Amino acid sequence: AGFDERLLKPDEPGYHFERYFIVDFATGALEPNPAASEADRSRAEYTVRAFGLNAPDRARQRLRACDDLTRPSDPVPREEAAYRFMLDALSG
């Protein structure tokens, strides 16, 4: 089986996390950005399913990373943090 064009690749030109996804900061789940085009939402949904991005362990890791990024004392430096892109989602 070859590459499916519906899969999102973070290194493709023009890719921006917030174009396709939002993070539910209560659960850590990735959801399609409701403001995205229907095609972009479809690609986001497909990518989440294909890679199991909302598996419970992955959602917990996102929540932990969010805590690391927003901890008032001794936050993890941005360049060392997992899920750095969530800073943009938090501030947006």
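Anyway, here's the lowdown on the structure attached to this text. (Residues numbered from 1 in each chain as written. Predicted model: local features only at pLDDT ≥ 70, side-chain atom pairs only at ≥ 80, totals over all residues. Heavy atoms only, no water.)

1. Focus on the pattern of salt bridges
Phase 1: Under the counting rule described, the total for this entry stands at three salt bridges.
Phase 2: In this structure, Arg6 engages Asp4 in a salt bridge whose closest nitrogen and oxygen atoms are separated by 2.8 Å.
Phase 3: For Glu12, the salt bridge goes to Arg43, with nearest N and O atoms at 3.5 Å. Taken together, the positions of Glu12 in the segment before helix H1 (17-20) and Arg43 in helix H2 (residues 38-51) put the pair 31 residues apart, joining distant regions of the chain. (Salt bridge = Lys/Arg side-chain N within 4 Å of Asp/Glu carboxyl O. Helix = DSSP H or I, 4+ residues; strand = E, 2+ residues; numbered from the N terminus.)

2. Some points on H2
In an α-helix there are 3.6 residues to a turn, and that puts residues three or four apart on one side.
Phase 1: Here H2 is 14 residues long and its end C-alpha atoms lie 20 Å apart, about the 20 Å a rise of 1.5 Å per residue gives.
Phase 2: Within H2 the residues assigned to the buried category are Asp40, Arg43, Ala44, Tyr46, Thr47 and Val48.
Phase 3: Where the residues of H2 are buried, they touch H1, strand S1 (21-23) and strand S2 (30-32). (Expected span 1.5 Å × (residues − 1). Buried < 20%, exposed > 50% of the residue type's maximum accessible area, 1.4 Å probe, protein only. Contact = heavy atoms within 4.5 Å.)

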